[in-house]
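# Descriptive analysis of the structure
In case you want the letters, here they are:
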Amino acid sequence: MEIETLAKLLDMDVKEIEKMMDKLEKEKIILGYSAIVDWAKVLDYEGVTAMIDVKVTPKRGVGFDKVAERIYRFPEVKAVYLMSGAYDLSVSVQGKTMSEIGRFVSEKLSTLDSVISTTTHFILKKYKHDGVIFDQKEDDRRIVVTP
């Protein structure tokens, strides 16, 4: 979102917003910025994203942190979350093909000594990501501010 738009939404001066953002970046509250790409519209792109449910045995003294760290260090892994419910970790993985992700799961992820089981879910279509609606009509576009 452009700083001018943010300033209008917050009823603040642009300079105040810039100063605030600079402070938040220095304090490592804002860790980075990213672009949201509709890969379905990119010619010759056939990438695949999967969400993998992982059950693990936590390590004494460090809980799930060491297992999560081993998993997030793989370059294929885009995100790792500690979850409540039926499984412990949710892992987002990107690859060129479903087979590539399958090899990652069977050769790297499931071979970790703390991993008990995995369930892989392939993303077939994105409707909304990080507050952005995909394939939205131009006249339906609105700025949606969510915490």
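Note: the structure precedes this text.
Summarised in this report is the structure supplied together with it.

Conventions and cut-offs
- Every chain is numbered on its own, with residues counted from 1 as its sequence reads.
- Only residues with pLDDT of 70 or above have their local features reported here, since the model is predicted, and side-chain atom pairs are shown and tallied only from 80 upward, although totals for entire chains, interfaces and linings are computed over all residues.
- Where side-chain values are given, they derive from all heavy atoms of the structure, hydrogens and water being excluded.
- Secondary structure counts use DSSP, requiring at least four H or I residues in a row for a helix and at least two E residues in a row for a strand, with both numbered from the N terminus.
- The contact rule is simple, with two residues in contact once any of their heavy atoms fall within 4.5 Å.
- Exposure categories follow from relative accessible area, calculated using a 1.4 Å probe and restricted to protein chains: below 20% of the type maximum is buried, above 50% is exposed, and the middle band is partly exposed.
- In this description, strands pair whenever DSSP reports at least two bridges between them.
- Here an angle of 0 to 180 degrees is reported between the N-to-C directions of two axes, which are lines fitted to C-alpha atoms, with helices fitted over the stretch in contact.
- Orientation is classified from the angle alone, with under 35 degrees giving roughly parallel, over 145 giving roughly antiparallel, 65 to 115 giving roughly perpendicular, and any other angle giving oblique.
- Exposure above 30% relative accessible area and the absence of a salt bridge qualify a residue for a patch, where like charges join within 9 Å and nonpolar side chains (Val, Leu, Ile, Met, Phe, Trp, Tyr) within 5 Å.
- To measure how exposed things are, a 1.4 Å probe is used in the Shrake-Rupley method; for residues, cover is taken only from the protein chains shown.
- Think of a salt bridge as a Lys or Arg side-chain nitrogen and an Asp or Glu carboxyl oxygen that are within 4 Å of each other.

## Some words on the side chain of Glu76
Along the polypeptide, Glu76 turns up in the loop between helix 3 (65-72) and strand 2 (77-82). In this structure Glu76 touches Ser92, Val93, Gln94, Phe104 and Lys108, once residues within four positions along its chain are discounted.

## Concerning the pairing of strand 3 (residues 89-95)
Buried residues dominate strand 3, accounting for six of its seven residues. Of the pairings in the sheet, the one linking strand 2 to strand 3 comprises five bridges and is antiparallel in character. Bridging from a neighbouring strand, Val77 pairs with Val93 of strand 3. Taking the residues that link successive antiparallel strands as the turn, the strand 2-strand 3 hairpin has six residues, and the phi of Gly85 there is positive, at about 110°.

## Remarks on the packing of helix 1 (residues 3-10) against helix 2 (residues 14-26)
Where helix 1 meets helix 2, the closest approach of the two axes is 9 Å, and the angle between their N-to-C directions is 105°. It follows from the interaxial angle that helix 1 and helix 2 lie roughly perpendicular. Residues Ile3, Glu4, Leu6, Ala7 and Leu10 of helix 1 lie in contact with helix 2, whose contacting residues are Val14, Ile17, Glu18 and Met21.

## A closer look at a nonpolar patch on the surface
A cluster of nonpolar residues, Met1, Leu9 and Leu10, forms a patch on the protein surface that exposes about 320 Å² of accessible area. For Leu9, a relative accessible area of 46% corresponds to the partly exposed category.

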